Structure formats: C-alpha cells, structure tokens
Amino acid sequence: MTNRTAATRYARALLEVAVKEKADLDRVERELASVVDLFTQHKALAQALLNPVVPVQRKRAAMAALTARGELLPMVSKLLGLLAERDRLVLLPDLLHSYSDRLLDHRNVVRAEITTTAPLPADRVTAIQASLARAYGRTVTLSAKVDPAIIGGVVTRIGSTIYDGSVTRQLQRMKEKLSWT
C-alpha cells in the first residue's frame, strides 16, 4: 500500500469519527495543519520523529507530549499517537491533504481553477463560478490564474477533470492531425 493510499484511509476514518462525534471539522483540519507546520518549521523534530532508527516508544512519548501541550482534540491526539505507534508519522502531509479534500466533498464543495492569458474581471470570475456551480450541482470554489503560454482561450480544471480550450492545445491537435497524413 502506498503512503497516499494509507493517508487517504486514515483521513476517511478521521472524518467519519469527527462527523459521528459532531466535532468541529475545521478545527480538526487546523490542528492537523498545525502539526504538519510544526514538522516543517522544526526540521530536527521532523528528522527525529520520522527517522526509522528512533524507537517507536520514544516517538509515541514525544507525540503524547506534543499533543498534550498543544491541547489538541482527543481524536486528533489519538490519531497522532496511533501514527507514532505504527511509525507512520510520515503520512501527515498526505493525510492533511486528503482530509481537506474529503471535508470539501462532505460539504458538497468542489475546487475549480481557470487559467487565462490575461486577468479576468471579478464579475466575470463570479459568473463563471456560478455557471460551474449550476453545471455540477455543487458549490464551487474558484481560483483564477494567468498563463500567457496558452496564447488564448481558457483551461478549466474541476477536481481532477481538465477542460482545455486553449489556443495552444488547438494548435497541438492540428499539428497531430497534419503529421499523421
């Protein structure tokens, strides 16, 4: 099993427990993010807790001390203790990402990104967001990017689906058709 797959399973279980216990789902996400940030900011701590040579008992004790000091939710503390016990703390960044994605899915929200050659006016971005929300039947959080390399048109990414209406892509298609003849 890959790390991403394992992290996804932990994230799914964490969200299920949090929903069942009516916990503050955003707080769970913030607490996971704070632990990931702690590892990012303190490289020595991360090296010690992620090092396979360090005994599991020490990792578990260190995580217990960190969670007690951070006053984390019991379910987050238990998860961190479990990850330390199983020597799986390396999963935390992927677990956070997966939890965030699952939380959006739980709230019926989808992320979308549009890429254009020039910045779009705010009213146009809002209109595109509303149009995508109607098409998908979900709330859409939209971010807009600018990339002059696409020459013209729009590239839209919704979840893992990409709609490429860029001039660059159209030129690539024409090139492929012409090269086969």
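Residues numbered from 1 in each chain as written. Predicted model: local features only at pLDDT ≥ 70, side-chain atom pairs only at ≥ 80, totals over all residues. Heavy atoms only, no water.

### As for the layout of surface pockets
A water-sized probe, rolled over the atoms, reveals where empty space remains. Note the following rule: Note on definitions: the grid is 1 Å and covers protein atoms alone; a cavity is a set of points where a 1.4 Å probe fits but cannot get out; a pocket is an open set with protein on both sides within 12 Å along at least five of seven lines; lining residues have an atom within 4 Å of a point. Grid points are joined across faces, edges and corners, and a volume is the space filled by probe spheres set on the points. Helix numbers and strand numbers start at the N terminus; a helix is a DSSP run of H or I with at least 4 residues, a strand a run of E with at least 2. Basically, the charged four are Asp, Glu, Lys and Arg, the nonpolar ten are Ala, Val, Leu, Ile, Met, Phe, Trp, Tyr, Cys and Pro, and anything else, Gly included, counts as polar.
The volume enclosed by the largest pocket comes to roughly 240 Å³. Every residue lining the largest pocket is counted, 13 residues in all, and those nearest its centre are Asp101, Leu104, Val110, Arg111 and Gly159. Sorting the residues of the lining of the largest pocket by element identifies α6 (92-106) and β1 (109-116) as the ones contributing at least two each. Residue contributions to the lining of the largest pocket peak at 5 residues, all from β1. Each residue belonging to the lining of the largest pocket can be placed in one class, and the counts come to 4 nonpolar, 3 polar and 6 charged.

### Looking at helix α1 (residues 3-20)
Our working rule: Each residue after the first adds 1.5 Å to the expected span of a helix. Buried, partly exposed and exposed residues are distinguished by accessible area as a fraction of the type maximum, computed with a 1.4 Å probe on protein chains only: under 20%, between the cut-offs, and over 50%, respectively. Contact between two residues is taken to exist if any of their heavy atoms lie within 4.5 Å; hydrogens are not considered.
With 18 residues, α1 should reach 26 Å at 1.5 Å per residue; the first-to-last C-alpha distance of 26 Å fits that figure. Looking at α1, one finds that the buried residues are Ala6, Ala7, Tyr10, Ala11, Leu14, Leu15 and Ala18. At its buried positions, α1 is contacted by α2 (25-41), α5 (74-85) and α6. A positive phi of about 55° marks Lys22, the residue just after α1.

### Re the packing of α1 against α5
For the record, the criterion: What counts as an axis is a line fitted to C-alpha atoms, over the stretch in contact for a helix, and the angles between N-to-C directions run from 0 to 180 degrees. Each angle is binned into one of four classes, with values under 35 degrees roughly parallel, values over 145 roughly antiparallel, values of 65 to 115 roughly perpendicular, and all other values oblique. Crossing chirality is assigned from the near helix's rotation relative to the far helix, an anticlockwise turn below a right angle marking it left-handed and a clockwise turn marking it right-handed.
At a closest axis distance of 11 Å, the pairing of α1 and α5 adopts a crossing angle of 155°. Considering their axes alone, α1 and α5 lie roughly antiparallel with respect to each other. At the point where α1 passes α5, the crossing takes the right-handed sense. Every residue of α5 that contacts α1 at Tyr10, Leu14, Val17 and Ala18 is listed here: Met75, Leu79, Leu82 and Leu83. Here the contact of α1 with α5 is built from residues that sort into 8 nonpolar, no polar and no charged.

### What about the side chain of Thr115?
Among the secondary structure elements, Thr115 is positioned in strand β1. Judged by relative accessible area, which is 8%, Thr115 ranks as buried. If near-sequence neighbours (up to four positions away) are discounted, Thr115 is found in contact with Lys145, Asp147, Ile150, Gly153, Val154 and Val155.

### Let's talk about the packing of helix α3 (residues 43-50) against helix α4 (residues 56-70)
Interaxial distance between α3 and α4 falls to 9 Å at its minimum, and their mutual angle equals 135°. Taken together, the axis directions place α3 and α4 in an arrangement best described as oblique. For the element pair α3 and α4, the recorded crossing hand is left-handed. Contacts between α3 and α4 involve Leu45, Ala48, Leu49 and Leu50 from the first element and Lys59, Ala62, Met63 and Leu66 from the second. Taken together, the residues that form the contact of α3 with α4 break down as 7 nonpolar, no polar and 1 charged.

### Some words on the pattern of salt bridges
Convention followed: Whenever Lys or Arg places a side-chain nitrogen within 4 Å of a carboxyl oxygen from Asp or Glu, that contact is recorded as a salt bridge.
In this structure the tally under the stated criterion is 9 salt bridges. Close ionic contact of Lys59 with Asp87 constitutes a salt bridge, the shortest N to O distance being 2.4 Å. Placement of Lys59 in helix α4 and of Asp87 in the loop between α5 and α6 is noted, with a sequence separation of 28 residues between them. Judged by its relative accessible area of 32%, Asp87 falls in the partly exposed class. Across the salt bridge formed by Asp101 and Arg111, the nearest N and O atoms sit 3.1 Å from each other.

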